[in-house]
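Descriptive structure summary
Listed here are the chains, written in short residue letters.
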There are 2 protein chains.
Amino acid sequence: MPETPPRPVPSSATSDAAARGARSVGIIGAGQLARMMLGPAIELGLTTPVLATDPAESAAAVAARVRLGRHDDEQAVRALAADVEVITFDHEHVPTEILGRLEQEGATAVRPGPAALVHAQDKLVMRERLTALGHPCPRWWRISSADDLAAALAETEGRIVVKTPRGGYDAHGVRIVDGADQADDWLAQHGELLAEELVPFTRELSAQVARRPGGEAVAYPVVQSVQKDGVCYEVVAPAPDLDASAQQRIQGLALAIAEDLGVTGMLAVELFETAEGEVLVNELAMRPHNTGHWSMDGAVTGQFEQHLRAVADLPLGSTTPLAPVSVMVNLLGGAAEDLAPGAHAALAANPALKIHLYGKSVRPGRKIGHVTLVGDDPEDLLARAHRAERLIIDGPETPVGT
Amino acid sequence: MPETPPRPVPSSATSDAAARGARSVGIIGAGQLARMMLGPAIELGLTTPVLATDPAESAAAVAARVRLGRHDDEQAVRALAADVEVITFDHEHVPTEILGRLEQEGATAVRPGPAALVHAQDKLVMRERLTALGHPCPRWWRISSADDLAAALAETEGRIVVKTPRGGYDAHGVRIVDGADQADDWLAQHGELLAEELVPFTRELSAQVARRPGGEAVAYPVVQSVQKDGVCYEVVAPAPDLDASAQQRIQGLALAIAEDLGVTGMLAVELFETAEGEVLVNELAMRPHNTGHWSMDGAVTGQFEQHLRAVADLPLGSTTPLAPVSVMVNLLGGAAEDLAPGAHAALAANPALKIHLYGKSVRPGRKIGHVTLVGDDPEDLLARAHRAERLIIDGPETPVGT
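Residues numbered from 1 in each chain as written. Chains lettered and ligands numbered in written order. Predicted model: local features only at pLDDT ≥ 70, side-chain atom pairs only at ≥ 80, totals over all residues. Heavy atoms only, no water.

- Per an unreviewed UniProt entry, chain A is named N5-carboxyaminoimidazole ribonucleotide synthase, and its organism is Brachybacterium avium.
- What the UniProt record of chain A gives under Sequence similarities (unreviewed entry) is the line "Belongs to the PurK/PurT family."
- Database annotation for chain A, UniProt heading Catalytic activity (unreviewed entry): "5-amino-1-(5-phospho-beta-D-ribosyl)imidazole + hydrogencarbonate + ATP = 5-carboxyamino-1-(5-phospho-D-ribosyl)imidazole + ADP + phosphate + 2 H(+)". (UniProt positions renumbered as here; feature names shortened; annotations may be inferred.)

1. Side note on the interface of chain A and chain B
- Chain A puts 52 residues into the contact, and the matching count from chain B is 52 residues.
- Between chain A and chain B, roughly 4100 Å² of surface is buried when both sides are summed, and carbon and sulfur atoms account for 57% of that area.
- Three residues stand out in chain A for area buried against chain B, namely A:I42, A:E43 and A:H344, and they jointly supply 19% of the buried area on that side.
- There are four salt bridges connecting chain A and chain B.
- Between B:K354 and A:E305 there is a salt bridge, with the nearest N and O atoms lying 2.6 Å from each other.
- Linking chain A with chain B are 18 residue pairs in polar contact (both at pLDDT 80 or more), by the criterion used here.
- Those elements that place two or more of their residues in the side of chain A that touches chain B are α1 (32-44), α10 (303-311), α11 (340-349) and β17 (354-357) of chain A.
- Considering every element that reaches the side of chain A that touches chain B, the biggest residue donor is α1(A), with seven residues.
- Considering only residue class, the side of chain A that touches chain B consists of 30 nonpolar, eight polar and 14 charged. (Contact = heavy atoms within 4.5 Å. Buried area = accessible area lost by both parts, 1.4 Å probe. Salt bridge = Lys/Arg side-chain N within 4 Å of Asp/Glu carboxyl O. Polar contact = N/O pair within 3.5 Å; in protein donor to acceptor, adjacent residues only side chain to side chain. Helix = DSSP H or I, 4+ residues; strand = E, 2+ residues; numbered from the N terminus. Nonpolar A, V, L, I, M, F, W, Y, C, P; charged D, E, K, R; others polar.)

2. Observations concerning the UniProt feature "binding site: ATP" (unreviewed entry) in chain A
Residues and elements named next belong to chain A.
- According to UniProt, the positions carrying the feature "binding site: ATP" (unreviewed entry) are K123, K163, E196, E197, L198, V199, E204, N282 and E283.
- Mapped onto the elements, E196 comes out in strand β9 (residues 193-196).
- On the accessibility criterion, E196 (3% relative accessible area) is buried.
- Not counting chain neighbours up to four residues away, the residues in contact with E196 comprise R127, R139, W140, W141, I160, V161 and K163.
- Summarising the element assignment, V199 is placed in the loop between β9 and β10 (201-211).
- In this structure, V199 is in contact with P138, F272, T274 and L280, ignoring residues within four places of it in sequence. (Buried < 20%, exposed > 50% of the residue type's maximum accessible area, 1.4 Å probe, protein only.)

3. Some points on the sheet that holds strand β8 (residues 174-177) of chain B
Residues and elements named next belong to chain B.
- Judged by pairing direction, the sheet is antiparallel, and its four strands sit side by side in the order β6-β9-β7-β8 without closing on themselves. Where the open sheet ends on each side, the last strands, each with one partner, are β6 (140-143) and β8. In this sheet, neighbouring strand axes are inclined to one another by 30° on average, regardless of whether the strands run parallel or antiparallel.
- Sheet topology note: the β6/strand β9 (residues 193-196) ladder contains four bridges and is antiparallel. Of the residues in β9, the one forming a bridge with R142 is L194.
- Across the sheet, helix α5 (residues 123-133) touches β6, β7 (160-163) and β9, and the angle it forms with β6 is around 135°.
- Set on the sheet, helix α6 (residues 146-154) makes contact with β6, β7 and β8; between it and β6 the angle comes to about 165°. (Pairing = 2+ DSSP bridges. Axes fitted to C-alpha atoms, helices over the stretch in contact; angles between N-to-C directions.)

4. Some thoughts on the pattern of salt bridges
- Here the structure, examined in full by the defined rule, presents 52 salt bridges over all chains.
- Between B:R142 and B:E192 there is a salt bridge, with its nearest N and O atoms 2.9 Å apart. One end of the pair, B:R142, is in strand β6; the other, B:E192, is in the loop between α7 (184-190) and β9, and 50 residues separate them in sequence.
- Take B:R142: its relative accessible area is 33%, and that puts it in the partly exposed class.
- When its relative accessible area of 29% is taken as the criterion, B:E192 is described as partly exposed.
- Here the salt bridges share partners, and the residues they tie into one network are A:K123, A:R127, A:K163, A:E196 and A:E283.

5. Regarding the packing of aromatic side chains
Residues and elements named next belong to chain A.
- Per the counting criterion, the structure on display carries four aromatic pairs over all chains.
- Each ring, one from F201 and one from F272, has its centre 4.7 Å from the other, and the planes form 20°; the classification is stacked. Linking F201 in strand β10 with F272 in strand β14 (residues 265-274), this pair joins segments that are 71 residues apart in sequence.
- The exposure class assigned to F201 is partly exposed, which follows from its relative accessible area of 36%.
- Classification of F272 by relative accessible area gives buried; the value is 10%.
- Measuring from ring centre to ring centre gives 6.2 Å for Y220 and W294, while their planes differ by 90°; the resulting arrangement is edge-to-face. On the criterion of sequence distance, the pair formed by Y220 in the loop between β11 (217-219) and β12 (223-228) and W294 in the loop between β15 (279-285) and α9 (295-298) is long-range, its members being 74 residues apart.
- Classification of Y220 as buried rests on a relative accessible area of 1%.
- W294 gets classed as buried once you look at its relative accessible area, which sits at 2%.
- Residue placement shows R175 over the ring face of W186; its charged tip is 4.0 Å from the ring centre. (Phe/Tyr/Trp six-rings, centres within 6.5 Å; stacked < 30°, edge-to-face > 60°. Lys NZ or Arg CZ within 6 Å of the ring centre and 35° of its normal.)

6. A closer look at the domain arrangement of chain A
- Partitioning chain A into structural domains gives domain 1 (25-123 + 201-311), domain 2 (139-196) and domain 3 (325-394).
- Taking only C-alpha atoms into account, the centre of domain 2 of chain A sits 36 Å from that of domain 3 of chain A. (Domains from an automatic or database assignment.)

7. Remarks on the relation of the copies chain A and chain B
- Turning chain A through 180° and shifting it by 0.0 Å along the axis lays it on chain B, with an RMSD of 0.0 Å. Taken together, the turn and the small shift mark the pair as related by a two-fold rotation axis.
- Interface overlap between copies: 100% of the residues of chain A at the interface are likewise at the interface in chain B, consistent with a symmetric, same-surface contact. (Least-squares fit on C-alpha atoms with pLDDT ≥ 70 in both.)

8. Description of the nonpolar core
- Among the nonpolar cores identified, the biggest contains 53 residues, and B:V327, B:L353, B:I355, B:V371 and B:I392 are the most heavily contacted of them.
- Filtering out sequence-adjacent residues up to four positions away, B:L353 remains in contact with A:R309, B:A346, B:L347, B:V371, B:T372, B:L373 and B:A388.
- Judged by nonpolar contacts, the second largest core, of 52 residues, contains A:L347, B:L33, B:V50 and B:L308. (Core = buried A, V, L, I, M, F, W, Y, C linked by side-chain atoms within 4.5 Å.)

9. Section: the packing of helix α4 (residues 114-121) of chain A against helix α5 (residues 123-133) of chain A
All names here are of chain A.
- Interaxial distance between α4 and α5 falls to 6 Å at its minimum, and their mutual angle equals 110°. As summarised for this structure, α4 and α5 are arranged roughly perpendicular, according to the angle between their axes. Contact with α4, carried on its side by V118, H119 and Q121, involves K123, V125, M126 and R129 of α5 and no other residues of that element. (Parallel < 35°, antiparallel > 145°, perpendicular 65-115°, else oblique.)

Next comes the structure, spelled out in structure tokens:
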């Protein structure tokens, strides 16, 4: 068994022997993250209604309790909240003001709360706060005009990353520009934008932690992630060639951010690693995250169970890996419209393969599932996981390697 | 990583690359076994409606699709079957004749089929068949009258186990008698009974295997189980002090029974181990079984996922353990009516603890959940699991050890 990662002892959360935690957690949004909370919720005995915009959505299709409504419709959010002790999220797009009013009224706990969540909702707020706290960020600029962008471009060899502060996900809301007029449309739409230097990173890492309302927090092993067209594609846990002191330093950074921002639930800190071995914070997500899917099959407590425990204010679970190495490969929509024949072939080819399907219709590049494997050798595990991926998304008739 | 248990290569099931498996599996019965299939079904992308007699039943309360009706009402069973490609079972009490007619009509696959399932439904049929096949059984007698029972008692030092052929579960339908008139009520009710010698066993073992329609089969490690008042209470996987050759021999016995009887899905073979190291078959169950709950957290493929894969005719998953030792302790209803405070305390006491709650009201001795732990030392793991059990079923206010 691998060693237990560092587990900070909380100052305030151990004297709650008489506590019981929440019995009901409403989930706003019905994508695959909500879907993958449902299994652990059943085992923990938690009631988890989901707010879905369509009954065919990933989680809505398999949940026992579904309420139809939009995440930005205050009445719909309130109707879900009225049924539960806690609300949490499948995504970060619920307007901060709605959550602020709900929190102030106090009838339902909002976890993570809006004061924390705004740092995952608004990238300008995030950059400003992390910089003020002294956490490492790329160089960044607040852009209110083409002149601001021209000035930033002058400092960055003529190329820069521009991001919309709100509403982005995966590759959406991110653009690389080399001219001051190339963000005029977004400026007209958003008023302000975030510009960031193009970091010459050697690889991307992700640090995940969970934190309870009282402050108890745990860290997962830091993982290596590979993107494909701006979408998470491949994860190795723990990150190869990251020594124990670097692991601990980066876990400490993620724990500090969770504490500084008052996060409850899972927090993912996506990071750039530079050639000098430094890390810079790229993005924050306050929910289970694609870079943590490996933990469903590779850790004592998977991230979906952990998120529920954290937001229900139950004691957190061990993050100890179940094997020396876990890998995760995303299934991004490809040629096969029916995944079943390829999944069948992939399971036949490797009895150790774990397949997670999201019940979503196939569109090119869309996240429709993922596979995981645990073992000892990351290269071998990745090769096997990618063979399974090709079978599933291309179909079993397509020769592997084409 | 422990070694992979023996994995017999199937003769007929590897050439199905073009197959896809079933997409929908209807579950008859809505107890905790159906409930624990729901999480894996979501991940596999299977649709799994359940037939429940009451919407508050364990699985019905958390399933997305519930049909109300009794398992012995042919119209209710047919209505479920009409919605799915395969039906399977939470328990073995569906009348064999109903299943026989459904199978003959052929519109919906019945897995396990009635010709196999009857051996888990009718203990006389099971004893007769296993004896004919040469599989090791306790000495047994078919009892049609008090005279038959007197004759059997004369051969067994005056004490004998009497069982109703059908309808029993846990301690129900089992009685130890020392007089020929002590089964008159059951004789009047059932016509025929099964009598078995009281086996002087040293411990109970359980061997679980899974088998697909085409014959592919896998075996889990043989486990040691301890009963309490006739109910499964504690399991250690693999069984301590059972050498590799005994493990393989017993796995081979369970695989042979699955093949001989044509089982599809999970098969549990409960066994008596004698002082001479021989094993005798006690009971058969053709579904996920309490002695396999450890595999949810302790094996690459848990028994609930495996059962679904087997009955959906998907390739079977690895049974490799994720740790050298797994333990499972049942939560049997006790003093606490609300399990949440005790569960909270148990999770706080041990971050590695996995709790599975069944959402059932608490009655004394009723199975209301279970806990598991994985690690290296069975004694230590059992002690920790029992501490968690006491906290959960007595409540956190009760001093441990009382």
